[in-house]
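# Coordinates in review
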Amino acid sequence: MKWLVLALIAVPTAELAILIYSGKTIGLFPTVAIILITGIGGAALAKKQGMKAWTDLNRRIATMETPGNAMIDSVCIFIGGLLLLMPGFITDLAGFLLLFKGPRNWLRPHIHKWLYKKMQNGTIRML
């Protein structure tokens, strides 16, 4: 919980500092244009990746396979899309990373480990 409070303070502060620096360095209109382009382009990419993940998830459920990795990919893509809709360079970078398979492949074992710990603690219960 402490990291969440820190993140809610640190990330917007860093975003604001980078936006101010960018505005001074390249100008107001190019900075706003970059933010708009990454938002629109990121939303389109998130939609495309999200539809692929949704199709994979439905296929796995239809064939009675465990949807674990497909579910994690879907959640990562959703979070990536949300991050891309927020203005700023840090959130855009994090959002783009979550949309691509390579970073998700690196992140997936950490998510598995985190979920396993939550199940061991009883925080997450499987019926």
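So, here is what we can say about the structure in this document. (Residues numbered from 1 in each chain as written. Predicted model: local features only at pLDDT ≥ 70, side-chain atom pairs only at ≥ 80, totals over all residues. Heavy atoms only, no water.)

### Concerning helix α4 (residues 89-99)
Within α4 the residues assigned to the buried category are Thr91, Asp92, Gly95, Leu98 and Leu99. Each buried residue of α4 lies within a common arc of 130 degrees when the element is viewed along its axis, so the set occupies one face. Those residues of α4 that are buried lie in contact with α1 (2-26), α2 (28-62), α3 (68-85) and α5 (101-121). (Buried < 20%, exposed > 50% of the residue type's maximum accessible area, 1.4 Å probe, protein only. Helix = DSSP H or I, 4+ residues; strand = E, 2+ residues; numbered from the N terminus. Arc of directions from axis to C-beta. Contact = heavy atoms within 4.5 Å.)

### Some words on unusual backbone geometry
Glycine aside, a negative phi is what most residues show, and trans is what most peptide bonds show. Despite not being glycine, methionine 64 has its phi angle at roughly 65 degrees, a positive value. In this fold, methionine 64 is placed in the loop between α2 and α3.

### So, the pattern of salt bridges
For the structure on display, the rule yields seven salt bridges. Two residues, aspartate 56 and arginine 59, come together in a salt bridge whose shortest N-O distance is 2.8 Å. Residue aspartate 56 and its partner arginine 59 are located together in helix α2, separated by three residues, close to a single helical turn. Two residues, aspartate 73 and arginine 104, come together in a salt bridge whose shortest N-O distance is 3.2 Å. Remark: arginine 104 occurs in helix α5 and aspartate 73 occurs in helix α3; sequence separation between them is 31 residues. Take arginine 104: its relative accessible area is 5%, and that puts it in the buried class. Several salt bridges converge on common partners, so that one network encompasses Asp56, Arg59, Arg60 and Glu65. (Salt bridge = Lys/Arg side-chain N within 4 Å of Asp/Glu carboxyl O.)

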